[in-house]
Amino acid sequence: MTSKEIKIAYVEFDSLMQLDVEDRVLAQAAIAATGNSYAPYSNFNVGAAVMFEDGEVIKGSNQENAAYPSGLCAERTALFYASSSRPDKAIKAIAIAAAQNGTLCSTPATPCGACRQVMAQYQLKSGIPMRVLLVGADVIWRFEKVDDLLPLIFDSI
Ligand code: THU
């Protein structure tokens, strides 16, 4: 028997001002996208912004439905829109932010398991690491690739 450990790496920032310009633009787009969320059941407004390799940014937000499973998280809304509208463009980064009652949450919202798997798939499709920014008002976490949020990724299809 062998005991093993998996380490993940991420960088913590105290404010948007500490990010480089590209990450700051993406983080601000995710914050703006929280305003497009439709979350009448949870009142938890999540925004996601995807950046392509050429710098273009598109946004998505969580969309809820009375038939609960029919709703979708912000990350998957943004990523499915990204791949369906620009199928040939590689994605290089995604930022995620959450707000309640119009106020950005102090700590970052961390993506659910299903969104991590979808992020992993689009990282594979893009063929480059997908940077992930989890944006809170008091703290921002930057992961250089999806693998750090989903160790032992399933990608064997
Ligand atoms: N939600 C997201 O949009 N992204 C996540 O990663 C976690 C949760 C949404 C789903 C639902 O609309 C609301 O947040 C509360 O769970």
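No experiment lies behind these values; they were computed from the predicted model shown.

Draft legend 1. Spatial organisation of the side chain of Asn45. You can see Asn45 is positioned in strand 2 (residues 45–52). Within the structure, Asn45 has its side chain in polar contact with the side chain of Ser37 (distance 2.8 Å). When sequence neighbours within four positions are dropped, the list of residues in contact with Asn45 reads Thr34, Ser37, Ala39, Asn62, Ala97, Ala98 and Ala99.

Draft legend 2. The arrangement of the pairing of strand 7 (residues 140–143) in detail. By the alternation rule, side chains of strand 7 split into Ile140 and Arg142 and Trp141 and Phe143, which are all buried. Note: strand 1 (residues 11–13) against strand 7, three bridges, orientation antiparallel. By the bridge assignment, Val11 is partnered in strand 7 with Arg142. Where strand 6 (residues 131–135) and strand 7 come together, four bridges link them in antiparallel fashion.

Draft legend 3. Expanded view of the side chain of Arg131. Looking at the secondary structure, you find Arg131 in strand 6. For Arg131, a relative accessible area of 15% translates into the label buried. A polar atom in the side chain of Arg131 sits 3.1 Å from the side chain of Glu22. Within the local environment of Arg131, its side chain forms a polar contact with the side chain of Asp23, the two groups lying 2.6 Å apart. Once residues lying within four places of it in the same chain are set aside, the contact partners of Arg131 are Glu22, Asp23, Lys92, Ala93, Ile94, Arg142, Phe143 and Glu144.

Draft legend 4. Region of interest: the site of the ligand. Every residue near the ligand is listed here: Ser42, Phe44, Val46, Asn62, Glu64, Cys73, Ala74, Glu75, Thr110, Pro111 and Cys112. Separating an oxygen atom of the ligand from a backbone N or O atom of Ala74 is a distance of 2.9 Å. Compared with its free state, where it exposes 370 Å², the ligand has 75% of that area covered by protein. Judged by the proximity of its atoms to the pocket grid, the ligand belongs to the largest pocket. Here the shell around the ligand is composed, by residue class, of six nonpolar, three polar and two charged.

Draft legend 5. How the structure looks around the layout of surface pockets. Here the largest pocket defines a volume of roughly 180 Å³. Around the largest pocket, the lining is made up of 13 residues, and of these Phe44, Val46, Cys73, Glu75 and Thr110 lie nearest the centre. Looking at the lining of the largest pocket, its residues break down into eight nonpolar, three polar and two charged.

Draft legend 6. The packing of aromatic side chains, seen in detail. For the coordinates displayed, the defined rule picks out four aromatic pairs. Measuring from ring centre to ring centre gives 5.0 Å for Tyr10 and Phe143, while their planes differ by 20 degrees; the resulting arrangement is stacked. Residue Tyr10 is found in the segment before strand 1, and its partner Phe143 is found in strand 7; the two are separated by 133 residues along the sequence. By relative accessible area, which is 42% here, Tyr10 ends up partly exposed.

Cut-offs applied
Residues numbered from 1 in each chain as written. Predicted model: local features only at pLDDT ≥ 70, side-chain atom pairs only at ≥ 80, totals over all residues. Heavy atoms only, no water. Helix = DSSP H or I, 4+ residues; strand = E, 2+ residues; numbered from the N terminus. Polar contact = N/O pair within 3.5 Å; in protein donor to acceptor, adjacent residues only side chain to side chain. Contact = heavy atoms within 4.5 Å. Buried < 20%, exposed > 50% of the residue type's maximum accessible area, 1.4 Å probe, protein only. Pairing = 2+ DSSP bridges. Near = heavy atom within 4 Å. Areas by Shrake-Rupley, 256 points an atom, 1.4 Å probe, with all protein chains shown as cover. 1 Å grid on protein atoms, 1.4 Å probe; cavity = no way out; pocket = protein on both sides within 12 Å on 5 of 7 lines; lining within 4 Å. Sits in = over half its atoms within 2 Å of the grid points. Nonpolar A, V, L, I, M, F, W, Y, C, P; charged D, E, K, R; others polar. Points joined across faces, edges and corners; volume = space filled by probe spheres on them. Phe/Tyr/Trp six-rings, centres within 6.5 Å; stacked < 30°, edge-to-face > 60°.

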